[in-house]
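# A closer look at the structure
Here are the chains, one letter per residue:
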2 protein chains.
Amino acid sequence: MITISEMGRRAKIASRALAAADTALKNKALAAMAQALIDGMDKVLEGNRKDVENGKANGMSVSLLDRLSLDEKRVRGMAQGILDTAALKDPCGEIISGGVGTDGLFIRKVRVPLGVIGIIFEARPNVASDAAALCLKAGNSVILRGGKEAINSNMATIALLRSAVASVGLPEDCIQLVEDTSRESANQLMCCSEWLDVLIPRGGAGLIKAVVQNATVPVIETGTGNCHCFVDESADIAMAADIVFNAKTSRPSVCNALETLLVHKSIAQQALPAIYDRLKEKNVQLRGCEATRAILGDEVLPATEEDYDTEFLDYILACKVVENIDEAISHIERYSTGHSECIVTADYANAGLFTRLVDSAAVYVNASTRYTDGGVFGLGAEIGISTQKLHARGPMGLTELTSMKFIVEGNGQTRG
Amino acid sequence: MITISEMGRRAKIASRALAAADTALKNKALAAMAQALIDGMDKVLEGNRKDVENGKANGMSVSLLDRLSLDEKRVRGMAQGILDTAALKDPCGEIISGGVGTDGLFIRKVRVPLGVIGIIFEARPNVASDAAALCLKAGNSVILRGGKEAINSNMATIALLRSAVASVGLPEDCIQLVEDTSRESANQLMCCSEWLDVLIPRGGAGLIKAVVQNATVPVIETGTGNCHCFVDESADIAMAADIVFNAKTSRPSVCNALETLLVHKSIAQQALPAIYDRLKEKNVQLRGCEATRAILGDEVLPATEEDYDTEFLDYILACKVVENIDEAISHIERYSTGHSECIVTADYANAGLFTRLVDSAAVYVNASTRYTDGGVFGLGAEIGISTQKLHARGPMGLTELTSMKFIVEGNGQTRG
């Protein structure tokens, strides 16, 4: 098995060929990758069957097994995802700005690939093909390190994609998979700063924390979402109930799902029962402060400090009655992971205050946090949702997988 | 003395007031800061005298003493730098993109401050005031950690700036100085990821390396420049000599100065003597490969592997004769720090090849690398020159000290 460092070196060499490839060649590679998944469907499904069997033998939960399982339809979806990426505009080569500058120099700032991207992800096998396609379209080599739960699915998928890339004349090392799924391989990838230009961890809070603590490669943190909804004094209660219900229950396992409800004390007596009635339709467990429990009764469990700090990713919602919008904003400041927050209000000034002061990637007025998504925000596709403030924030599309450089042309200028 | 973590907490609180401040208030603070330096000139010069005395007692070199020393003119220059920053356009609040999206949501991507910026710098006392002004204008709190050589100058300067900020009603903790100049304080700042949004090290290769290895705060690497000039077969020799002379000798101690000369073998016999004659005017020491020495003689020292890997920041230039442009590009790929590189050529195809394939922040055709600078590139001022590919590359101005967020307005939308 080759070392991570050797994989990095190969990825860097391959990245030079990719950076020099034009859009047509990259799209040809993507079309071949999609076709390879269709033609090699049996191999992917066979690998996946092994993973699912192992998962069952190891007592994997039903919902995790569902995320892990592939069938013909899902593999076709992976292939379609690659074709969709081919259809997106190539960000590379764009002239971001430029003109004639000091001493008549012609200066232009041009978009270029990042180079080599490392991605550490967990159990979803479709991430391998999605990420490989997005990185390739933006001109980057990628080193994928998936979880052991999906290793056979990933190995089958990546072998097909590599052959497809080679078939159009690009280096197969544009796309590599770390087959060693030990913690050690993840650590080596995080510290491979000689070759990697950026590392994108996709996964739970534990993974993100380990990467932030240990990585020497520049990191883009993604995907932890302790999202809040504040129901202001002036809120339309029916609207608030709709938004909270949608944000909490339409897909509780995703990062833009709601985790904490904050309610202004002046409207709590009316709003909380209306919201709670809706949540009961889906058996959402509420964990509330004393004021919440005084209104809704003892069937609401008492909320602990830890509850406010937790991304449940489940049918559980923390709840707190607050004095005013200032307390709501302070609570969010303290507990939020900086992903998505919402205010439900009819008050113009409070809408402005909330959007200005809440320091998260996406801040909503009167709409569900579930909309935070590359498709909705016009990026076409996304490789993750950044919760950090450097380089990219919120949904990351192809543009966020690029860097830039300055090209300066002269005719002998020297600096006085 | 307060802890770094407590400084971080205070900086975060102050950053909220700054983020809410409008441009007029920030400019008022900057004007007060500039005036405070003029009014408090004696205190700054007194602190600086102590630093210079300590430097002399500790055997500091003449050139370092020169960088450290302040006089009335230099302090006035620091004040003017702050006023120049006040005159720059405020990047905050800019709508980067936006429109009506999915389900009629009104989505806009808005430029916002990064939050809290840590800056670790070495012996130049003007960095403290420059960096404080740029961070404040972009709406960020800053924690400065300068070298012990300039600690008295920095303490006097920052005390004046903090009073000035407070005098216009902004929190003085917008600007803080770490007074403990031990290595431990630098390490604590690098790992203060609870409060810092980004860390910018400004200094030599040793500092940058320590930060990359140890930091848990996101880092923007700046300022190491092992810059190259390739004299192609078709180059105008007089132009090549001018550019190499300017790039090497106009200011050897800065990061955009030339460190390695690469010469095409077909032109070496004519070009090397012409270039060397110019360099001798400034007593530049050449360290060359065998082919260089065969042409120029034994007074050229033999270049070692380490020479090609070194940012001399001095009147020393490494030199190599190469087979062709491919070898030049490969050499740069291997040894460059990704700052600035130049080709001198009359060949259209080679100019294009070099600018496409050389992966550095600034790539020049027929102009001196000394132009890599925020002023020249139209940024107005710079806080450093990024040699990494994430977030910012090349000269960093106010825009590079900001992040963005998405603001989404609706009227009750929920996601289907």
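With that settled, the discussion passes to the side chain of Thr216(A). Relative to the assigned elements, Thr216(A) resides in the loop between helix 9 (205-214) and strand 7 (227-231). For Thr216(A), the residues in contact, after removing those within four places along its chain, are Met190(A), Cys191(A), Cys192(A), Ser193(A), Val212(B) and Gln213(B).

Of the residues lining the interface, 64 residues belong to chain A; the matching set on chain B comes to 64 residues. Considering only the side of chain A, the residues that lose the most area to chain B are Leu390(A), Phe406(A) and Arg415(A), jointly responsible for 15% of the buried surface there. The interface formed by chain A and chain B contains six salt bridges. One salt bridge connects Glu400(A) with Lys109(B), and the closest N-O pair in it is separated by 4.0 Å. Taken together, the links from chain A to chain B amount to 42 residue pairs in polar contact (both at pLDDT 80 or more). Those elements that place two or more of their residues in the side of chain A that touches chain B are helix 1 (4-20), strand 2 (106-113), helix 9, helix 10 (237-249), helix 15 (348-357), strand 13 (362-367), strand 15 (394-396) and strand 16 (402-413) of chain A. If you tally residues by element for the side of chain A that touches chain B, the top one is strand 16 of chain A, at 11 residues. Pairing geometry for strand 13 of chain A and strand 16 (residues 402-413) of chain B, over five bridges, is parallel. If you follow Ala367(A) over to strand 16 of chain B, its bridge partner there is Gln413(B).

What follows covers the side chain of Ser336(B). Residues and elements named next belong to chain B. Following the sequence through the fold, Ser 336 ends up in the loop between helix 14 (325-335) and strand 12 (340-344). The class for Ser 336 is buried, based on a relative accessible area of 19%. One polar contact links the side chain of Ser 336 to the main-chain amide nitrogen of Gly 338, over a distance of 2.7 Å. Setting aside chain neighbours within four positions, we find Ser 336 in contact with Asn 226, His 228, His 331, Glu 341 and Ser 360.

All right, on to the nonpolar core then. Core analysis: the biggest nonpolar cluster contains 57 residues, and Met33(A), Leu37(A), Ile119(A), Leu144(A), Ile175(A), Ile200(A) and Ile383(A) have the highest contact counts within it. Sorting elements by how many residues they give to this core places helix 6 (residues 126-137) of chain A first, with eight residues. Discounting chain neighbours no more than four positions away, the residues touching Leu37(A) are Val44(A), Val75(A), Met78(A), Ala79(A), Ile82(A), Ser129(A), Thr157(A), Leu160(A) and Leu161(A). Within the second largest apolar cluster, 55 residues are counted, among which are Met33(B), Val142(B), Leu144(B) and Ile158(B).

Another point: the packing of aromatic side chains. Per the counting criterion, the structure on display carries four aromatic pairs over all chains. Arranged with centres 5.9 Å apart and planes meeting at 45 degrees, the rings of Tyr308(A) and Tyr335(A) form a pair that is tilted. Linking Tyr308(A) in helix 13 (residues 305-308) with Tyr335(A) in helix 14 (residues 325-335), this pair joins segments that are 27 residues apart in sequence. The ring centre of Phe245(B) lies 4.4 Å from the NZ or CZ of Arg278(B), which sits over that ring.

For the rest of this paragraph, the subject is the pattern of salt bridges. Two side chains that carry opposite charge are able to pair once their charged atoms sit near each other. Scanning the model with the defined rule gives 49 salt bridges over all chains in all. Here Asp242(B) ties to Arg278(B) by a salt bridge, and the two come within 2.6 Å at their closest N and O atoms. Taken together, the residues span a long stretch of sequence, with Asp242(B) in helix 10 (residues 237-249) and Arg278(B) in helix 11 (residues 265-280) at a distance of 36 residues. Judged by relative accessible area, Asp242(B) falls into the partly exposed class, the value being 34%. Of the residues examined, Arg278(B) reaches a relative accessible area of 23% and is grouped as partly exposed. Among the charged side chains, a salt-bridge network with shared partners connects Glu6(A), Arg9(A) and Arg10(A).

Taken as rigid bodies, chain A and chain B are interconverted by a rotation of 180 degrees and an axial shift of 0.0 Å, the fit giving an RMSD of 0.0 Å. The transformation just described matches what one would write down for a two-fold rotation axis. The rotation axis passes nearest to the C-alpha of His391(A) in chain A, at a distance of 1.8 Å. In this assembly the copies share their binding face: 100% of the residues contributing to the interface of chain A also contribute to that of chain B.

This paragraph deals with the confidence of the model for chain A. Here chain A shows a mean pLDDT of 95. Residues at 70 or above account for 100%. Here the prediction assigns the complex a pTM of 0.93, and the interface score ipTM is 0.94.

Scoring rules and cut-offs
- Residues numbered from 1 in each chain as written.
- Chains lettered and ligands numbered in written order.
- Predicted model: local features only at pLDDT ≥ 70, side-chain atom pairs only at ≥ 80, totals over all residues.
- Heavy atoms only, no water.
- Helix = DSSP H or I, 4+ residues; strand = E, 2+ residues; numbered from the N terminus.
- Contact = heavy atoms within 4.5 Å.
- Buried area = accessible area lost by both parts, 1.4 Å probe.
- Salt bridge = Lys/Arg side-chain N within 4 Å of Asp/Glu carboxyl O.
- Polar contact = N/O pair within 3.5 Å; in protein donor to acceptor, adjacent residues only side chain to side chain.
- Pairing = 2+ DSSP bridges.
- Buried < 20%, exposed > 50% of the residue type's maximum accessible area, 1.4 Å probe, protein only.
- Core = buried A, V, L, I, M, F, W, Y, C linked by side-chain atoms within 4.5 Å.
- Phe/Tyr/Trp six-rings, centres within 6.5 Å; stacked < 30°, edge-to-face > 60°.
- Lys NZ or Arg CZ within 6 Å of the ring centre and 35° of its normal.
- Least-squares fit on C-alpha atoms with pLDDT ≥ 70 in both.
- pLDDT = per-residue confidence, 0-100.

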